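So you can see what is in the structure, the chains are spelled out below.
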There are 2 protein chains.
Amino acid sequence: METLSKNKIKWIRSLQRKKNRDIEQLFIVEGEKMVRELIEQHPDQIECVISTDTNFSFNGLSYHASEKSMEQISSLKTPNKLLAVVKIVDNKQIDAQFILALDDIQDPGNMGTILRIADWFGVDKIICSKNTVDIYNSKVVQASMGSIFRVPTEYCQLEDFLSKTELPIYGALLEGENIYTKTLERKGVIILGNEGNGISDSVIDLIQEAIHIPRFGQAESLNVAIAGSIILSEFSRR
Amino acid sequence: METLSKNKIKWIRSLQRKKNRDIEQLFIVEGEKMVRELIEQHPDQIECVISTDTNFSFNGLSYHASEKSMEQISSLKTPNKLLAVVKIVDNKQIDAQFILALDDIQDPGNMGTILRIADWFGVDKIICSKNTVDIYNSKVVQASMGSIFRVPTEYCQLEDFLSKTELPIYGALLEGENIYTKTLERKGVIILGNEGNGISDSVIDLIQEAIHIPRFGQAESLNVAIAGSIILSEFSRR
């Protein structure tokens, strides 16, 4: 197997920046479990695989890396044995009926968790505002536990999308209706807001059905991925 | 205001280790929001407050720290202006009816989030197995967003506690009953298992009511705090 050259190391490292991912239309996936799942389920999406194991091979698209080289290309404190460079595919889905819309979600861990809950609850598509964290950020990819390959996502001007959709638009607001008593079905756009500031004013104006999660204790708020999962659960339970 | 001495710096740093927290019965709280909340709501619990602001004072229990000293005592990458050393209080609650039992939760972020959702849903108490991450770990304190001061917790031999309780014991298992169709009320012990291994065999044996969260999509699993929040929501919604 070919050894990873200095140039390739430099090229892979460059993909840690969004600007370069956008130009190359490639991103990085780390970890044995996720890379092996990729090889099995989406082999066409793989540009190449880097392994510290000299016996590993994949369709002539694999390179061997020393542990030191792997450390250089990895974004993890403890690099894994396998790392893949993966093609970004356009997975826009046209007839989505059950949609999450993210209004400037910033934290990569939250974004990854939201991909995972969207995947669990069978959300058709995630629409992200332009300032939402990039889903191909390595921490998002990691936290998504593979759901990034299953949930279609699209970045767009959120107000534009919401103005045009014919689906009902839901958003969690303090003065909203109790989610436990409101009739909810798996059809519509559910907006989740920024971690610190919530849903922005221009997006609030477009909410048709304000909802809220009742509080039984004293915590001031819920994490956005937690709130999202409780809402998705309510939409799905009937 | 007195300046923080080298000895005090050493003493506060020592509280980053569980062993020393156990001996001193003290832990560290960082961040302006949480420290100000503490001063307002639980002033008796405060041993001392460290501030980079020379104008700050609190009952003769405050010290001034240079930014460099604050960096030395902080566990955060970007230290805050305020840090408090806080007394561990015994907040065991006797007549708890709605309990979360944690079977070896390891991740501090998950533990903090679980404290926060328990606080939101008005859980009376959290029972932790002996191998569950320490709630006074700085990352747990941070992620709990103040809920650590409101939710009573206790560490014990989990199997012992479960064998003795007269409350119904619930646990999420694959073969469990659908939480959306089962009648659930806010009375009982809900077990949440370890991130990688789930609920341990000896604890599974003590589950009386196996439940499960139905899946609508393809994600392999849910994060433990997410699963916990969906379950607590179902117990509370009626």
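Details of the structure are given in the entry above.
Residues numbered from 1 in each chain as written. Chains lettered and ligands numbered in written order. Predicted model: local features only at pLDDT ≥ 70, side-chain atom pairs only at ≥ 80, totals over all residues. Heavy atoms only, no water.

### Focus: the overall build of chain A
Move 1: The secondary structure content of chain A amounts to nine helices and eleven strands.
Move 2: Seen through its C-alpha atoms, chain A measures out along the principal axes to roughly 60 × 40 × 30 Å.
Move 3: Buried residues in chain A amount to 54% of all 238 residues.
Move 4: Within chain A, residue pairs in contact and separated by at least 24 positions form 76% of the contacts whose partners lie at least 6 positions apart.
Move 5: Entry remark: accessible area of chain A is about 11300 Å², with carbon and sulfur atoms responsible for 44%.
Move 6: The distance from the centre of the 27 positive side-chain charges to the centre of the 33 negative ones in chain A is 6 Å. (Helix = DSSP H or I, 4+ residues; strand = E, 2+ residues; numbered from the N terminus. Buried < 20%, exposed > 50% of the residue type's maximum accessible area, 1.4 Å probe, protein only. Contact = heavy atoms within 4.5 Å. Areas by Shrake-Rupley, 256 points an atom, 1.4 Å probe, with all protein chains shown as cover. Lys, Arg positive; Asp, Glu negative; His and termini not counted. Charge placed at Lys NZ, Arg CZ, Asp CG, Glu CD.)

### As for the side chain of E234 of chain B
Move 1: Mapped onto the elements of the fold, E234 of chain B is located in helix α9 (residues 224-236).
Move 2: A relative accessible area of 0% means that E234 of chain B is categorised as buried.
Move 3: Setting aside anything within four residues of it in sequence, one finds E234 of chain B in contact with S233, E234 and R237 of chain A together with I179, Y180 and L184 of chain B.

### Observations concerning the relation of the copies chain A and chain B
Move 1: Superposing chain A onto chain B takes a rotation of 180 degrees plus a shift of 0.0 Å along the axis, which leaves an RMSD of 0.0 Å. Such a turn and shift between the copies fits a two-fold axis.
Move 2: A shared binding surface is used by both copies, with 100% of the interface residues of chain A retained as interface residues in chain B. (Least-squares fit on C-alpha atoms with pLDDT ≥ 70 in both.)

### Side note on the sheet that holds strand β8 (residues 153-156) of chain B
Residues and elements named next belong to chain B.
Move 1: The six strands are arranged β8-β7-β6-β10-β9-β11 in an open sheet whose pairing can be described as parallel. The open sheet terminates on both sides in strands that have one partner only, identified here as β8 and β11 (209-212). When strand polarity is set aside, the average angle formed by the axes of neighbouring strands in this sheet is 35 degrees.
Move 2: Both strand β7 (residues 125-129) and β8 contribute to a ladder of four bridges, which runs parallel. Paired with C128 across the strands is Y155, a residue of β8.
Move 3: Of the strands in this sheet, β6 (98-103), β9 (169-178), β10 (188-193) and β11 touch α9, which is tilted by about 160 degrees from β10. (Pairing = 2+ DSSP bridges. Axes fitted to C-alpha atoms, helices over the stretch in contact; angles between N-to-C directions.)

### Examining helix α5 (residues 108-120) of chain B
Residue and element names in this part refer to chain B.
Move 1: Spanning 13 residues, α5 covers 18 Å between terminal C-alpha atoms, matching the ideal 18 Å at 1.5 Å per step.
Move 2: Listing the buried residues of α5 in full gives P108, N110, M111, G112, T113, I114, L115, R116, I117, A118, D119 and W120.
Move 3: Regarding α5, its N-cap is D107, as a side-chain oxygen of that residue lies 3.0 Å from the backbone nitrogen of G109 further along. (Expected span 1.5 Å × (residues − 1). Polar contact = N/O pair within 3.5 Å; in protein donor to acceptor, adjacent residues only side chain to side chain.)

### What to know about the interface of chain A and chain B
Move 1: If you look at the interface, chain A gives 33 residues, while chain B gives 33 residues.
Move 2: Summed over both sides, the interface between chain A and chain B buries roughly 3000 Å², with carbon and sulfur atoms accounting for 57% of that surface.
Move 3: Contact with chain B buries surface across chain A, with W120, F216 and R237 of chain A losing the most and accounting together for 27% of the total.
Move 4: Put simply, chain A and chain B have four salt bridges between them.
Move 5: Here E234 of chain B ties to R237 of chain A by a salt bridge, and the two come within 2.7 Å at their closest N and O atoms.
Move 6: Taken together, the links from chain A to chain B amount to 20 residue pairs in polar contact (both at pLDDT 80 or more). (Buried area = accessible area lost by both parts, 1.4 Å probe. Salt bridge = Lys/Arg side-chain N within 4 Å of Asp/Glu carboxyl O.)

### Topic: the packing of helix α9 (residues 224-236) of chain A against α9 of chain B
Move 1: In contact at an axis separation of 9 Å, α9 of chain A and α9 of chain B are set at 50 degrees when each is read in the N-to-C sense. With respect to their mutual orientation, α9 of chain A and α9 of chain B come out oblique. Once α9 of chain A is placed against α9 of chain B, the crossing between them reads as right-handed. Seen from α9 of chain A, the contacting residues are A225, I226, S229, I230, S233 and E234 of chain A; seen from α9 of chain B, they are A225, I226, S229, I230, S233 and E234 of chain B.
Move 2: Looking at the contact of α9 of chain A with α9 of chain B, its residues break down into six nonpolar, four polar and two charged. (Parallel < 35°, antiparallel > 145°, perpendicular 65-115°, else oblique. Left-handed = near helix turned anticlockwise from the far one by under 90°. Nonpolar A, V, L, I, M, F, W, Y, C, P; charged D, E, K, R; others polar.)

### What about the pairing of strand β3 (residues 46-51) of chain A?
Residues and elements named next belong to chain A.
Move 1: For β3, the tally of buried residues reaches five of six residues, placing the bulk of the element in the interior.
Move 2: Taken together, the five bridges between β3 and strand β5 (residues 82-87) define a ladder with antiparallel strand orientation. By the bridge assignment, V49 is partnered in β5 with A84.
Move 3: Both β3 and strand β4 (residues 62-64) contribute to a ladder of three bridges, which runs parallel.

### Considerations on the packing of aromatic side chains
Geometrically, a pair of aromatic rings is defined through the distance of the ring centres and the angle of the planes.
Move 1: Counted under the stated rule, the structure contains ten aromatic pairs over all chains.
Move 2: Each ring, one from F216 of chain A and one from F121 of chain B, has its centre 6.1 Å from the other, and the planes form 25 degrees; the classification is stacked. Here F216 of chain A is found in the loop between β11 (209-212) and α9, whereas its partner F121 of chain B is found in the loop between α5 and β7 on a different chain.
Move 3: On the basis of relative accessible area, F216 of chain A is assigned to the partly exposed category, the value being 33%.
Move 4: What makes F121 of chain B buried here is its relative accessible area of 0%. (Phe/Tyr/Trp six-rings, centres within 6.5 Å; stacked < 30°, edge-to-face > 60°.)

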